[in-house]
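Each chain, written out:
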Amino acid sequence: MRLKTQKISKSVRRTILLNPGPSSTTESVKLSLIHEDICHREGEFAEITRQVADDLVKIVHGKKGDYVATLFAGSGSICIDVAIGSLVPKDKKVMIVNNGFYNDRALQACQYYGIPVVNCEFDILTLPDLKVVEETLEKNKDDVAVVYMAHQETGTGLCNPIREVGAIAHKYGKIMVSDTTSTLAIVPIDVYKDNLDFCMASSQKGINAFTGCSFLIGKKDYIEKTKDFPRRSYYTNLYRQYSYFKEHGEMNFTPPVQIIYSMQQALKEHFAEGEKAKYQRFMGISARIRQEVAALGLEELLPPEITTGLVIAIKYPNDPNFDFKKVHDYLFERGVTIYPGKIGNLPTFRICNLGCLVEQDIIDAFKCLKSALKECGVKVPVKK
Ligand SMILES: *Cc1c(COP(=O)(O)O)cnc(C)c1O
């Protein structure tokens, strides 16, 4: 028998994604999607999944055997569902340090599962008050088992103090869970120093691979304990997925095969560049975005000091001719994607820096944004 080699090539336009994920990918990551057809139950594929899972633990500096990554086929929110549905013992509560849209998503997951919540709410434009966080936990210490907070509130770009909140959670012997979906693999995270028992992310964000695989990284000992916790979901139960992987070395149900190949390649690139260099590269792009934002007279929603720099929320210009949809469409036609805001009724839009971009992309994108504003009849520099 002779098997043919298929030579596959295709040219695609390189677009500039400034939305909060999926992010722009490298050519090598795009190419990694093309692989010979393989059944996911083959040992060869299981080995790749295992490597990817181990590498994910390394990204957050977890020690092998202490922390473990559990993979799920799904978008980032599947991990919110997994964490909330799997990590809370019977009759215990989740305390959510809540200052935005993504923390609200965890609140909603609690409501779906009928899990009682201590909703420690703060203004979405400011950092949570740690004194209030501690007082609230102290008051509820007999009921709360899990403290939850998003690292970056992707709606505003606010960078939440996970390390400090994690320290408070640990002082009271609670499990600290953070939604690190939009920071992991860009902002350095160390689960020990940052006091995280669980964190999570998704293939299409900081890893810079394709959409479809999300993962929860957490303390193995605690996952073992969850065996006896209420099983609130079948497909998204952490213990079920974890124990299947432990026993068989593969995911319980069909994994997103090609996406895992793209993660393998993206992780290779991540480690080749190094955590520090990668973070500095992203911060360089952020600085350039901020420079361009200021040059157009646009105003940022938050003071830069309390943001990660990876999501820049911008107030609508004070000009009756400004029309976000028109601006968006003008840019989209030219290969640049910007994103609407997600902040109640505050009129904002977002420019995100989560993918493989170079400084020239930002220069090009803002040249295009300037033309789009002029096309709408907005005076540039804009009025605040
Ligand atoms: C992107 C993101 C998610 C996941 O969103 P999906 O649309 O389900 O991929 C969750 N949390 C945060 C903080 C995010 O930025």
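Scoring rules and cut-offs
- Residues numbered from 1 in each chain as written.
- Predicted model: local features only at pLDDT ≥ 70, side-chain atom pairs only at ≥ 80, totals over all residues.
- Heavy atoms only, no water.
- Near = heavy atom within 4 Å.
- Polar contact = N/O pair within 3.5 Å; in protein donor to acceptor, adjacent residues only side chain to side chain.
- Areas by Shrake-Rupley, 256 points an atom, 1.4 Å probe, with all protein chains shown as cover.
- Phe/Tyr/Trp six-rings, centres within 6.5 Å; stacked < 30°, edge-to-face > 60°.
- Helix = DSSP H or I, 4+ residues; strand = E, 2+ residues; numbered from the N terminus.
- Buried < 20%, exposed > 50% of the residue type's maximum accessible area, 1.4 Å probe, protein only.
- Lys NZ or Arg CZ within 6 Å of the ring centre and 35° of its normal.
- Pairing = 2+ DSSP bridges.
- Contact = heavy atoms within 4.5 Å.
- Axes fitted to C-alpha atoms, helices over the stretch in contact; angles between N-to-C directions.
- Salt bridge = Lys/Arg side-chain N within 4 Å of Asp/Glu carboxyl O.
- Patch = residues over 30% accessible without salt bridge, like charges linked within 9 Å, V, L, I, M, F, W, Y side chains within 5 Å.
- Arc of directions from axis to C-beta.

Asker: Mind showing me how you'd approach the site of the ligand here?
Answerer: Around the ligand sit Ser-75, Gly-76, Ser-77, Tyr-102, Arg-105, Gln-152, Thr-154, Asp-179, Thr-181, Ser-182, Gln-204 and Lys-205, and that is every residue in its neighbourhood. Here Ser-75 contributes a side-chain N or O atom positioned 2.5 Å from an oxygen atom of the ligand. Separating an oxygen atom of the ligand from a side-chain N or O atom of Ser-77 is a distance of 2.6 Å. Across the complex, the protein chains shield 87% of the 380 Å² of accessible surface that the ligand would expose by itself.

Asker: Mind showing me how you'd approach the packing of aromatic side chains here?
Answerer: Any two aromatic rings considered together are summarised by their centre-to-centre distance and by the angle between their planes. Counted according to the given criterion, the structure contains 13 aromatic pairs. Consider the rings of Tyr-235 and Phe-253, whose centres lie 5.3 Å apart with planes at 10°: the pair is stacked. Taken together, the residues span a long stretch of sequence, with Tyr-235 in the loop between helix 7 (220–225) and helix 8 (238–248) and Phe-253 in the loop between helix 8 and helix 9 (257–273) at a distance of 18 residues. A relative accessible area of 27% means that Phe-253 is categorised as partly exposed. Grouped by ring-pair contacts, the aromatic residues Tyr-316, Phe-322, Phe-324 and Phe-349 constitute a single cluster. In this arrangement the basic side chain of Lys-63 is found over the ring face of Tyr-192, its NZ or CZ atom lying 4.6 Å from the centre. For the cation-ring pair, Arg-334 lies above Tyr-330, with the distance from its terminal atom to the ring centre recorded as 3.6 Å.

Asker: Is there a simple way to explain the pairing of strand 5 (residues 144–150) in this structure?
Answerer: Across a regular strand the side chains alternate sides, sitting on one face of the sheet and then on the other. Across the seven residues that make up strand 5, a large majority, seven, are buried. Of the strand pairs in this sheet, strand 3 (residues 93–98) and strand 5 are connected by four bridges, and their pairing is parallel. By the bridge assignment, Ile-96 is partnered in strand 5 with Tyr-148.

Asker: Before we go on, may I ask you to explain the environment of Ala-266 in this structure?
Answerer: Within the secondary structure layout, Ala-266 lies in helix 9. Classification of Ala-266 by relative accessible area gives buried; the value is 4%. Taking the C-alpha atoms as reference points, Ala-266 and Phe-210, 56 residues apart in sequence, are found 9.2 Å from one another. If we skip the residues at most four places from it in the chain, Ala-266 touches Val-29, Ile-207, Asn-208 and Ala-209.

Asker: Teacher, can you tell me more about the sheet that holds strand 9 (residues 198–202) here?
Answerer: Sheet strands pair by backbone hydrogen bonding; their relative direction is either parallel or antiparallel. Sheet architecture is open: seven strands sit in the order 2-10-9-8-5-3-4, paired in mixed fashion. Sheet topology places strand 2 (67–73) and strand 4 (117–121) at the edges, where each strand pairs with a single neighbour. On average, adjacent strands in this sheet sit at an angle of 20° to one another, irrespective of strand direction. Two strands pair when backbone bridges link them, and strand 3 and strand 4 are joined in this way by five bridges, in the parallel orientation. Bridged to Ile-96 within strand 4 is Asn-119. Across the sheet, helix 4 (residues 101–113) is in contact with strand 3, strand 4, strand 5 and strand 8 (175–179); its angle to strand 3 comes to roughly 160°.

Asker: Looking at this structure, how should I read the environment of Tyr-316?
Answerer: Within the secondary structure, Tyr-316 is located in the loop between strand 11 (311–315) and helix 11 (324–333). As a C-alpha pair, Tyr-316 and Phe-349 span 33 residues in sequence and 7.0 Å in three-dimensional space. Every residue in contact with Tyr-316, bar those within four places of it in the chain, is listed here: Phe-322, Phe-324, Pro-347, Thr-348 and Phe-349.

Asker: Can you help me understand the pattern of salt bridges in this one?
Answerer: Any two side chains of opposite charge can pair, so long as their charged atoms come close to each other. Taken as a whole and judged by the stated rule, the model has 21 salt bridges. A salt bridge links Glu-333 to Arg-334; the nearest nitrogen and oxygen atoms lie 3.6 Å apart. The exposure class of Arg-334 is partly exposed, given its relative accessible area of 41%.

Asker: Just to check I follow, could you spell out a nonpolar patch on the surface for this structure?
Answerer: A cluster of nonpolar side chains, Ile-8, Leu-31 and Ile-34, forms an exposed patch at the surface whose accessible area comes to about 290 Å². Looking at the secondary structure, you find Ile-8 in the segment before strand 1 (16–17). Classification of Ile-8 by relative accessible area gives partly exposed; the value is 48%.

Asker: Where do I start with helix 5 (residues 130–139) in this structure?
Answerer: For helix 5, the set of buried residues is Val-133, Thr-136 and Leu-137. Buried residues along helix 5 cover an arc of 95° about the axis, so they all sit on one side. In helix 5, those exposed residues whose orientation departs by more than 90 degrees from the buried face are Lys-131 and Lys-139. In the core, the buried residues of helix 5 are packed alongside strand 3, strand 4, strand 5 and helix 6 (162–171).

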